[in-house]
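Secondary and tertiary structure notes
The chain contents come next:
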Amino acid sequence: MFTVTGAFDDGATYTVQVTGRPDRPVTGSHRAAALVELHQGEKVLMSPTGPLATVTGDDRASILAVLREYTNVIEASGAVPRQASVPRS
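Residues numbered from 1 in each chain as written. Predicted model: local features only at pLDDT ≥ 70, side-chain atom pairs only at ≥ 80, totals over all residues. Heavy atoms only, no water.

Details of the packing of aromatic side chains
This model, assessed by the stated rule, comprises 1 aromatic pair. Relative to tyrosine 14, the ring of phenylalanine 8 has its centre 5.1 Å away and its plane inclined at 50°; by these criteria the two rings are tilted. A residue is classified by how much of its surface remains accessible, and tyrosine 14, at 4% relative accessible area, is buried. The ring of phenylalanine 8 carries arginine 31 above its face, with NZ or CZ at 4.0 Å from the centroid. (Phe/Tyr/Trp six-rings, centres within 6.5 Å; stacked < 30°, edge-to-face > 60°. Buried < 20%, exposed > 50% of the residue type's maximum accessible area, 1.4 Å probe, protein only. Lys NZ or Arg CZ within 6 Å of the ring centre and 35° of its normal.)

Considerations on helix H2 (residues 60-70)
For H2, the complete set of buried residues consists of Ala61, Ser62, Ile63, Leu64, Ala65, Val66 and Leu67. At the N-terminal boundary of H2, the capping side chain belongs to aspartate 59, with an oxygen 3.2 Å from the backbone nitrogen of alanine 61. (Helix = DSSP H or I, 4+ residues; strand = E, 2+ residues; numbered from the N terminus. Polar contact = N/O pair within 3.5 Å; in protein donor to acceptor, adjacent residues only side chain to side chain.)

Topic: the nonpolar core
Counting residues in each nonpolar core, the largest one holds 21 residues, and the members touching the most others are Val4, Tyr14, Val16, Ile63 and Leu67. Looking at this core, the elements that each hand over two or more residues are strand S1 (2-7), strand S2 (13-18), helix H1 (30-39) and H2. If one sorts the elements of this core by residue count, H2 sits on top with 6 residues. Leaving out residues up to four positions away in the same chain, isoleucine 63 has contacts with Val18, Pro25, Val26, Val36, Val55, Thr56 and Gly57. (Core = buried A, V, L, I, M, F, W, Y, C linked by side-chain atoms within 4.5 Å. Contact = heavy atoms within 4.5 Å.)

Nothing here speaks to function; it is geometry throughout.
Put into structure tokens, the structure is as follows:
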């Protein structure tokens with residue numbers, strides 16, 4: 001689990017814990033949790049140059065990528081994933 005602090009475009013701030021649990025991937029902010037839920041199953045860039053990964057509740061790196069894509073992440077602390085867990089074919 002790790003913690004992310006950020007802000008939405010309207011200036012509202014949030015702090016969430018990214019759990020890596022498929023049933024509840026984000027706790028602490030209903031708005032951030034709804035954002036993550038909205039994008040589950042979609043592809044997201046794991047970094048500005050890729051790779052693409054599917055957003056799933058148990059992939060903490062993809063959850064962080066969603067938060068970075070759609071909000072202004074100010075800080076990520078704890079056991080923050082460094083790379084996407086993209087399966088190789």
